[in-house]
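One-letter residues, chain by chain:
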Amino acid sequence: QVQLVESGGGSVQAGGSLRLSCTASGRTFSIYTMGWFRQAPGKEREFVAAINWGGGSTYADSVKGRFTISRDNAKNTVYLQMNSLKSEDTAVYYCASDRQPTTTRAMSVTNEHDYWGQGTQVTVSS
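Residues numbered from 1 in each chain as written. Predicted model: local features only at pLDDT ≥ 70, side-chain atom pairs only at ≥ 80, totals over all residues. Heavy atoms only, no water.

1. Quick look at the sheet that holds strand β3 (residues 18–25)
Thought 1: Reading across the sheet, the 4 strands line up as β1-β3-β8-β7 and stay open at both edges, with antiparallel pairing between neighbours. Because the sheet does not close on itself, it has two edges, and the strands there are β1 (3–7) and β7 (67–72). Sheet twist, expressed as the mean angle between neighbouring strand axes with direction ignored, is 15°.
Thought 2: Direction of pairing for β7 relative to strand β8 (residues 77–82): antiparallel, over a ladder of 6 bridges. Residue pairing for β8: Arg 71 is matched across the bridge by Val 78. (Pairing = 2+ DSSP bridges. Helix = DSSP H or I, 4+ residues; strand = E, 2+ residues; numbered from the N terminus. Axes fitted to C-alpha atoms, helices over the stretch in contact; angles between N-to-C directions.)

2. Looking at the nonpolar core
Thought 1: Core analysis: the biggest nonpolar cluster contains 34 residues, and Trp 36, Leu 80, Met 82 and Tyr 93 have the highest contact counts within it.
Thought 2: Element by element, the count of residues in this core is highest for strand β5 (residues 46–51), at 5 residues. (Core = buried A, V, L, I, M, F, W, Y, C linked by side-chain atoms within 4.5 Å. Buried < 20%, exposed > 50% of the residue type's maximum accessible area, 1.4 Å probe, protein only.)

3. Re the packing of aromatic side chains
Thought 1: In the structure shown here, the tally under the stated rule is 3 aromatic pairs.
Thought 2: With a centroid separation of 5.2 Å and 65° between ring planes, the pair formed by Phe 37 and Trp 116 is classed as edge-to-face. A residue pair is termed long-range when its members are at least 10 positions apart, and Phe 37 in strand β4 (residues 34–39) and Trp 116 in strand β10 (residues 115–116) qualify at 79 residues.
Thought 3: Classification of Trp 116 by relative accessible area gives partly exposed; the value is 26%.
Thought 4: Taking 6.3 Å as the distance between ring centres and 90° as the angle between the ring planes, the aromatic pair formed by Tyr 94 and Trp 116 counts as edge-to-face. Here Trp 116 lies in strand β10 and Tyr 94 lies in strand β9 (residues 91–97), a separation of 22 residues in the sequence. (Phe/Tyr/Trp six-rings, centres within 6.5 Å; stacked < 30°, edge-to-face > 60°.)

4. Re the pattern of salt bridges
Thought 1: With the rule as written, the count across this model stands at 5 salt bridges.
Thought 2: The partner of Lys 64 in a salt bridge is Asp 61, with the nearest N and O atoms 3.2 Å apart.
Thought 3: Note on Asp 61: relative accessible area 64%, which makes it exposed.
Thought 4: Of the charged contacts in the structure, one is a salt bridge between Asp 114 and Arg 99, with a shortest N-O distance of 3.4 Å. Of the two residues, Asp 114 sits in the loop between α1 (104–108) and β10 while Arg 99 sits in the loop between β9 and α1, which places them 15 residues apart along the sequence. (Salt bridge = Lys/Arg side-chain N within 4 Å of Asp/Glu carboxyl O.)

Structure (structure tokens):
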């Protein structure tokens, strides 16, 4: 049973930073692409960033230059470092993965993924 558990959300003022973590269990972590998505109130879930087994990454245009995705395969954990936060970054953030290895590009174009965490709230006040 694959499980994804996010942590690190919270409240921060605009311009501040947060780091989210997502720890996976239940299978070999290192070979799978991991992604971060977010969902704001009243909006559809959207792609934020993804990272493949080798560290290659893809970002949504809205977060490029501000967010950095990384992974520590020894800890089965993927991170999302969020800097220069804006009020429009307020959302529940989810990590996701798929049953089969995939590319970061493929992960970025759909919300249909096999495994999801429970989400962590990020609130940015202006």
